[in-house]
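What follows is the residue order along each chain.
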Amino acid sequence: MLLEYLQKNYKVNEPIFVSDIDLPVTDTNLRQMFKVLCDSGQIYRYETGIYYMKGNTRLKGGVPLSASKVARYKYIARNDQVNGYYSGYTFANLLGLTTQVPYTIEIVSNGASAKCREVSVKNQKIMLRRPRTQINKENVDVLQLLDLLKDFEQYVDEDMVAATYIISSYIKKIGMKRSDVDEYITLFPDRVYKYIYEMRLYNVFA
């Protein structure tokens with residue numbers, strides 16, 4: 001029953017969180033079912049409460065599940081539920097504002113139990129921060145942008161003209177509205193207003 005459920009609801013090399021499984025069995029029985037499948041080699045244990053299915057591969061032992069992917073599912077989004085976003089140098093690198101590839105992934109997440117603390121997923125270090133307000137699908141983009149602008153100058157490799165173009169293009173691409181910015185900007189330091197004014201971003205918001 002469990003294997004059929006997993007094959008129907010999960011892809012290979014996708015993190016499977018035991019806490020997400022919706023089957024009419026007790027927690028004890030569910031853990032035992034996972035153990036049986038793991039012992040038989042039909043699924044693999046990543047760490048406590050997290051499993052995955054390997055795909056066909058020529059590599060002996062299959063392709064391992066990456067720590068960064070588990071971190072994304074654990075702290076940012078899974079099952080159509082958004083709980084966080086990449087921040088700091090991690091997000092700046094994804095946007096192309098900096099060529100620095102951070103050793104530590106920076107994430108702001110509803111799952112953070114402290115204002116700021118370092119956690120690890122296998123060998124991947126993560127700087128986990130608590131959000132200024134609850135993150136969801138509707139506000140994640142604007143909170144992520146305002147968080148970036150909070151310390152904008154420290155992330156920029158390029159000159160401000162190039163950086164402004166990158167930010168403006170991103171805003172247009174996702175269709176961010178000025179009303180969304182106005183709703184959440186008061187949660188951030190006043191210097192965010194300064195960057196928005198200097199880069200004339202209010203002319204870019206939908």
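Further up the page is the structure itself.
Described below are features of the structure shown in this document. The model shown is predicted, which means the values in this text are computed figures rather than measured ones.

## Details of the overall build of the protein
At step 1: Across its full length, the protein holds 9 helices and 9 strands.
At step 2: The principal-axis extents of the C-alpha atoms in the protein amount to approximately 60 × 35 × 30 Å.
At step 3: Going through the 206 residues of the protein one by one, you find that 44% of them count as buried.
At step 4: Restricting to contacts in the protein with at least 6 residues of sequence separation, those with at least 24 account for 55%.
At step 5: With the model as given, the accessible surface of the protein reaches about 12000 Å², and the carbon-plus-sulfur share is 47%.

## Re helix α4 (residues 88-95)
At step 1: All buried positions along α4 are accounted for by G88, T90, F91, A92 and L95.
At step 2: On its buried face, α4 sits against β6 (84-86), β7 (105-109), α5 (140-150), α6 (152-155) and α7 (160-174).
At step 3: Directly after α4, the chain includes G96, whose backbone phi takes a positive value near 95°.

## Describing the environment of A71
At step 1: Inspection of the secondary structure assignment puts A71 in helix α3 (residues 67-75).
At step 2: When residues no more than four places from it in sequence are discounted, the contact partners of A71 are I76, I107, V121 and I126.

## Concerning the pairing of strand β9 (residues 124-129)
At step 1: With 4 bridges joining them, β7 and β9 adopt parallel strand pairing. Along β9, the bridge assignment pairs E106 with M127.
At step 2: As paired strands, strand β8 (residues 116-121) and β9 are joined by 6 bridges and run antiparallel to one another. By the bridge assignment, S120 is partnered in β9 with K125.

## A few points about the sheet that holds strand β3 (residues 50-52)
At step 1: Read from one edge of the open sheet, 3 strands run β1-β3-β2, paired in antiparallel fashion. The open sheet has two edge strands, β1 (16-17) and β2 (44-47), and neither has a second partner.
At step 2: Where β1 meets β3, 2 bridges bridge the pair, whose relative direction is antiparallel. Bridging across to β3, F17 finds its partner in I50.

## Considerations on the packing of helix α1 (residues 2-9) against helix α2 (residues 27-39)
At step 1: One can describe the packing of α1 onto α2 by two numbers: an axis separation of 10 Å at closest approach and a directional angle of 80°. One finds that α1 runs roughly perpendicular with respect to α2. Counted together, L2, L3 and L6 of α1 and L30, M33, F34 and L37 of α2 form the full contact between these two elements.
At step 2: Partitioned by chemical class, the residues of the contact of α1 with α2 number 7 nonpolar, no polar and no charged.

## Regarding the sheet that holds β6
Strand-to-strand pairing in sheets goes through backbone hydrogen bonds, with the strands running parallel or antiparallel.
At step 1: Across the sheet, 4 strands lie side by side as β6-β7-β9-β8; this open sheet has mixed pairing. On the outer flanks of this sheet lie β6 and β8, each paired with one strand and no other. The average undirected angle you get between the axes of adjacent strands in this sheet is 30°.
At step 2: Against the sheet, α4 makes contact with β6 and β7, and its axis sits at roughly 105° relative to β7, the strand it touches most.
At step 3: Along the sheet face, α5 touches β6 and β7 and points at about 40° away from the line of β6.

## Side note on the pattern of salt bridges
A side chain with one charge can pair with a side chain of the opposite charge if their charged atoms come near.
At step 1: Applying the stated criterion across every chain yields a total of 11 salt bridges.
At step 2: As a salt-bridge pair, R129 and E106 come within 3.4 Å of each other at their nearest N and O atoms. Linking R129 in strand β9 with E106 in strand β7, this pair joins segments that are 23 residues apart in sequence.
At step 3: Across the pair R178 and D182 runs a salt bridge, and its minimum N-O distance is 3.8 Å. With R178 and D182 both in helix α8 (residues 178-184) and 4 residues apart, the pair spans about one turn of that helix.
At step 4: When its relative accessible area of 40% is taken as the criterion, R178 is described as partly exposed.
At step 5: Via salt bridges that share partners, D147, K150, D151 and R191 belong to a single interconnected network.

What counts as what
Note that residues are indexed from 1 along each chain, following the sequence as it is written. Reporting of local features is limited, given that this is a predicted model, to residues whose pLDDT is at least 70; pairs of side-chain atoms are given and counted only at 80 or more, and all residues count toward the totals for whole chains, interfaces and linings. For side-chain calculations, the full set of non-hydrogen atoms in the structure is used, while hydrogens and water are omitted. Going along the chain from the N terminus, every DSSP run of H or I of four or more residues is numbered as a helix, and every run of E of two or more is numbered as a strand. Accessible area is worked out with a 1.4 Å probe on protein chains only. A residue is then buried under 20% of its type maximum, exposed over 50%, and partly exposed in between. Any two residues whose heavy atoms approach within 4.5 Å at even a single point are treated as in contact. Using the Shrake-Rupley algorithm and a 1.4 Å probe, accessible areas are obtained, with residue cover drawn only from the displayed protein chains. Two strands make a pair as long as DSSP finds a minimum of two bridges between them. The convention used is that axes are lines fitted to C-alpha atoms, helices contributing only their stretch in contact, and that angles between N-to-C directions extend from 0 to 180 degrees. Put simply, angles under 35 degrees are roughly parallel, angles over 145 are roughly antiparallel, angles from 65 to 115 are roughly perpendicular, and the rest are oblique. Any residue outside Ala, Val, Leu, Ile, Met, Phe, Trp, Tyr, Cys, Pro, Asp, Glu, Lys and Arg is labelled polar, Gly included; the first ten of those are nonpolar and the last four are charged. A side-chain nitrogen of Lys or Arg and a carboxyl oxygen of Asp or Glu constitute a salt bridge if their distance falls within 4 Å.

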